[in-house]
Every structure is written in C-alpha cells, then in structure tokens.
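Overview (structure and organization)
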Amino acid sequence: MKILHISTECYPAAKAGGMGDVVGALPIYLPNEGVEGSVILPKYGTKWIKAQSFTTVNKGSIFLDKKEYIFRVQKLKAGILAFDFYVIDVPELFDRENIYLGKDGNAYEDEMERYLTFQLAVIEWLVKGRKKFDGLHCHDHMTALITFLIQFVPAYEKLKTLPTFFTIHNGMYRGVYDWDIISLLPSYNREFDGMLEWDEKINSLATALKCAWAVNTVSPSYMNEIALDSETLTSLYISERSKCIGILNGIDEQLWNPETDKYLQNKLVENDWQNFKKNNRDSLNKEIELDNSGPLMGFIGRLAHQKGADVLVTSIRRVIAKKDKVNFIILGSGDKTIEEQLLKLQEDFPKKVCTIIAYDEVYARRIYAACNFLLMPSRFEPCGLNQLYSYRYGTIPIVTKVGGLIDTVPDISNGGTGISTTNLNSKGFAKAIKRGLKLYKNKKKYTSLLNQIIKLDFSWRQSAKKYKEMYSLYIK
Ligand code: ADP
C-alpha cells in the first residue's frame, strides 16, 4: 500500500508545531504495517531544505486565473530520510525561511496562492501518473481542497477514484475564502459549489469533511469535542461523523531519546533518572541564571489563546506572590501582548522566571529534560505532543482536561500520571501548579510518579496500526 502525505510541514524539513512531528514520523512507522508512506511539501527556504540536494523528477505549470506558475517536482537524495521525500519548487512563492508568517509576524499576504499552487502542482504531477499511489493523505486545511479537486475537476478525472484521507491537526484553522477566489480554481461544474461551501464562503476544512473518504482527528477526545461544539461547523461534523475517527498521535522514540539526544547538556546514563533530572536542571538554571532551589516548571509552545498563554502569565504571578520556592522557564512566541507580559514577568522576577521569545528546538529539548513539571493550560488541544515528550524526559505534566490531554494525562488522584484540572482561569490553574508543588515536596510520591511516567509507551506503533486500518477501509 503506497500513501502520499501531502502536507505543509514535515520534520526535519519544516516544522511549526505538532503537524510537522506527525508527518515526519508516520512514514517511518507505517512500513511495519505494510504501508509505504511518501511525503510531499512546498520547497521552502528553511535551513534544512537549503542544505539538501534534490533531483528534478517532473516539471509543469499551473495557472491561477491568468498568472502562470512554473513548478518543478523534486526528490530528495536517497538515504537522508527513511522515506521518499518530494518538494514542489516554485521559488517566488515558497523560497522563504518561515513557513507561514512573514517577518512582521503576520500570515503571508499571498497565503491562498501558495496553498492553491502547491495543491494544484501536486495534482498535476499525479495526473501525469509517473509515480503511482494507492491513496492521498492530506493534512489540515492547507491541503484540504485536493479532496474536492480530484473528484470534481474534469481535467483530473483520472484521479477521481483515488481514496483521500484527511487529518485534522487543528480544527480551529479552516482556510475560509470569499467566492471571488473561484476564478483561481480550475474549471469544474458549478453544480458542485455546495461541496466547497459553508456559511456562504469557501471553507477548506468543511470541503474535506464532505469530500475526503475518511477523516481523523489526532485524539479520540478531540473528535468527541468538535462533534459537540465547533460553532457553525458542528452540524457538519455530526452528519459526517460515521467516516470520522480519532487516532492518538504517537512520538518518535528514536528522535526523542534522553539517552542519545545530542542537544542535552547531560544525557541519561544507565537509567539513572535522579541524576539525569538534577544535572539537566542544574545546567539549565545556571545557563539562564535562575535560582536553583525548588522545582523548575516549564512551558513550551505558541503564545496563543488556544494554549492558554494568557492564563499562564496570570497563574504564574499568583504562585510567585505566595513566595513558594519554584522557578519558571517559558519558551515560545506569538501574541505580542502576551510576549510583553512574559518579558515583564521576567523583569519583575529575574531569578525566578526566564522568558525566551523564540522557536528553538535546542532549548525545547533542554527544557523537557530539566523541568520537574511542564505546564499546559490549553483551552483546547487536538492532541498535544508536549506532554508526551515531557513523559519521555521524566517531566510531570500539569494540564487542563481538554482534547488529547484527557486521553494522555489522567490525574494522579485517580491513579493517573499527571495533574489535570477542569478550571481554565488563573485561580484554577494556579491551584493545579500548587498541587504540583505539594507533590514535589513529598519525595516518595514524586519519585514514584517519575518512575511511572518514564515507562509510559506513547510510541507510534499503536497509532500506525490504526492509520493502516483507516487506509484499509478503502484500499485492498
Ligand atoms: P501545536 O498545536 O503547536 O501543533 P503540539 O503540542 O501538537 O502543538 O506540538 C508542538 C510541537 O512544537 C512540539 O514538538 C513542541 O516541542 C514544539 N514547539 C512548540 N513551540 C516551540 C518553540 N517555541 N520552540 C521549539 N519547539 C517548539
């Protein structure tokens, strides 16, 4: 079974969040299930992509209205990744270091042209048929229109029977456009406008919900949540529910391995977790000049409403006001107001709070290894990978009870492996942090939980089986 993943992120080529991790890992674990996964991405100007050599396997051009874009399909030299990796090269649209955002932090103005050109170029390549796949797997709204185009554009008739699978990594982002962009699409029978439409606009996510053969979210609880409440999309989720499932993300245990992680100042040696945690905390606290007494709590992620980054600021303030021995490190970027609030927090408590406004893989890994607790005050969480990486590096998650966090972080009061709260306000989350402090003071209980979380298995093996089952519904 040969599946082509069509995506705008894939680690290590280009990653902005969890989707990059998933698309970079799934094709490594699927072959065990008899599925050969290839990936195709826009050819961005990321450092990783710039450093590779590619061979052109196909060329063509597409028109968005009257504007012609010449594209090349290129294949990565063998032996670099564990799977076949292709890119669509259109330098004027993709050769930029950032995946989605310009230097001013706003989405690129030609976002729609970029997504559409990418999708059309992939289809043009597939129509020529030199490389055959048994199914197409599209990820999030940026590639969602493919599920419509191959069914309803006569020029793509040849691909009509190719099963399409669609993964919702984040249902909040939907790719909504006014109808005037219709002139950019290849011609199709306008009788089928309804397949593109939701709330009188073109809605890419809704399109894939209608057109994809099977749809999945990245955790079962998130699937239940969005089918219960997705604003105006709820009724569509309900009507398409029978082809939707939730498949929990896994983590790549080779890539996230405390024994071999080259970014860590102190690797795990002979399973000595006490020293691993202590040494990494000592080294990081020294580097970022934090007081080294008391537990270290971290946050890694987009500074966004979804992630509860505003609640993070206010709950840390509450905890610090009580003069408990505890220090915080925050790594992330996003909302400018929250960035400023976090920098102010650091300014007010320079020995207790370190704020790093950046996207930085090295710091992220050091934080997972050094912290005693990881904070995730998310308002919603399609899966969340941070809590899984934190388990892997011996860090106890303190989370809100939403989406994938429900599936992966049961509360210690029920024999679970983290601290989980239904209260998403600063008082409620500060209380959860306090429970962490209390747990930390009880050395026996803390050590016993540490010993429990490091044994948890969230590898891709189980999830890869479920993806295979989903593909097998339509590919024999
Ligand atoms: P998202 O909703 O952002 O996709 P996930 O929890 O699914 O959230 O995945 C987040 C991924 O991005 C994790 O691998 C996490 O370590 C990484 N990440 C998030 N923010 C940063 C950052 N500022 N620097 C480095 N890595 C980050």
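Here, every reference points to the structure presented above.
For the structure given in this document, a descriptive report is provided here.

So, how was this worked out
- Residues numbered from 1 in each chain as written.
- Predicted model: local features only at pLDDT ≥ 70, side-chain atom pairs only at ≥ 80, totals over all residues.
- Heavy atoms only, no water.
- Pairing = 2+ DSSP bridges.
- Helix = DSSP H or I, 4+ residues; strand = E, 2+ residues; numbered from the N terminus.
- Contact = heavy atoms within 4.5 Å.
- Axes fitted to C-alpha atoms, helices over the stretch in contact; angles between N-to-C directions.
- Buried < 20%, exposed > 50% of the residue type's maximum accessible area, 1.4 Å probe, protein only.
- Polar contact = N/O pair within 3.5 Å; in protein donor to acceptor, adjacent residues only side chain to side chain.
- Right-handed = clockwise from strand over helix to strand, strands pointing away.
- Phe/Tyr/Trp six-rings, centres within 6.5 Å; stacked < 30°, edge-to-face > 60°.
- Core = buried A, V, L, I, M, F, W, Y, C linked by side-chain atoms within 4.5 Å.
- Domains from an automatic or database assignment.

1. Observations regarding the sheet that holds strand 8 (residues 176-177)
Read from one edge to the other, the open sheet built from 3 strands follows the order 8-10-9, with strand pairing classed as antiparallel. The strands lining the two open edges of the sheet, one partner per strand, are strand 8 and strand 9 (197-198). Across the face of the sheet, helix 6 (residues 204-211) comes into contact with strand 8, strand 9 and strand 10 (201-203) while running at roughly 65° to strand 10.

2. Notes on the side chain of His5
Considering the arrangement of structural elements, one finds His5 in strand 1 (residues 2-6). For His5, a relative accessible area of 0% corresponds to the buried category. One polar contact links His5 to His139, side chain to side chain, over a distance of 3.0 Å.

3. A look at the pairing of strand 17 (residues 396-400)
Counting buried positions over the 5 residues of strand 17 gives 5, a clear majority of the element. Looking at chain direction, strand 16 (residues 373-376) and strand 17 are connected through 4 bridges and run parallel. Bridge pairing in strand 17 places Leu375 opposite Ile398. At this point the chain moves from strand 16, through helix 13 (residues 386-392), to the parallel strand 17, and the crossover so formed is right-handed. When strand 17 meets strand 18 (residues 419-421), the two strands line up parallel, connected through 3 bridges. Bridge pairing links Val399 to Ser420 in strand 18. Following the backbone out of strand 17, through helix 14 (residues 403-408) and into the adjacent parallel strand 18, one traces a crossover that is right-handed.

4. Focus on unusual backbone geometry
Residue Tyr11 is joined to Pro12 through a cis peptide bond whose omega torsion reads 5°. Mapped onto the elements, Pro12 comes out in the loop between strand 1 and helix 1 (18-29). Positive phi, normally seen in glycine, also occurs at Asp199, with a value near 55°. Residue placement: Asp199 occurs in the loop between strand 9 and strand 10. Take Asp199: its relative accessible area is 46%, and that puts it in the partly exposed class. A positive phi angle is found at Asn271, which is not glycine, with a value near 60°. Tracing the sequence through the fold places Asn271 in the loop between strand 12 (244-246) and helix 9 (273-288). Since its relative accessible area comes to 53%, Asn271 is described here as exposed.

5. Considerations on the sheet that holds strand 7 (residues 164-168)
Read across the sheet, 9 strands follow the order 3-4-5-2-1-6-7-11-12 without closing on themselves; strand pairing throughout is mixed. Taken across any chain shown, the strands that pair with only one partner, and hence form the sheet edges, are strand 3 (54-64) and strand 12. Across this sheet, the average inter-strand angle for adjacent strands is 25°, counted without regard to direction. With 3 bridges joining them, strand 11 (residues 214-217) and strand 12 adopt parallel strand pairing. Across the sheet, residue Asn216 finds its bridge partner in strand 12, namely Ile245. Across the sheet, helix 7 (residues 220-228) touches strand 7, strand 11 and strand 12, and the angle it forms with strand 12 is around 135°.

6. Overview of the pairing of strand 5 (residues 85-89)
Most of strand 5 sits inside the fold, with 5 of its 5 residues counted as buried. Where burial is concerned, the two faces of strand 5 agree: the one with Phe85, Val87 and Asp89 and the one with Tyr86 and Ile88 are both buried. As paired elements, strand 2 (residues 36-42) and strand 5 share 4 bridges and run parallel to each other. The partner of Ile40 across the bridge, within strand 5, is Tyr86. Alignment of strand 4 (residues 67-76) against strand 5, held across 4 bridges, turns out to be antiparallel. Across the sheet, residue Gln74 finds its bridge partner in strand 5, namely Val87.

7. What to know about the packing of aromatic side chains
Taken as a whole and assessed by the stated rule, the structure comprises 23 aromatic pairs. Geometrically, the ring pair formed by Phe165 and Tyr474 is tilted, given 6.4 Å between the ring centres and 50° between the ring planes. Separated by 309 residues along the polypeptide, Phe165 in strand 7 and Tyr474 in the segment after helix 17 (460-472) bring together distant segments of the chain. Using a relative accessible area of 0% as the deciding quantity, one classes Phe165 as buried. Given a relative accessible area of 36%, Tyr474 falls into the partly exposed group. A ring pair is formed by Tyr222 and Phe380, whose centres lie 6.4 Å apart and whose planes are at 15°; its orientation type is stacked. Taken as a pair, Tyr222 in helix 7 and Phe380 in the loop between strand 16 and helix 13 lie far apart in primary sequence, 158 residues in all.

8. Thoughts on the nonpolar core
If you look at the biggest cluster of nonpolar residues, it comprises 86 residues, and the most contacted ones within it are Met297, Phe328, Ile329, Tyr467 and Tyr471. Inspection of this core shows a minimum of three residues originating in each of domain 1 (2-250 + 461-472) and domain 2 (273-457). If we skip the residues at most four places from it in the chain, Tyr471 touches Met1, Ile3, His5, Leu30, Val35, His137 and Phe165.

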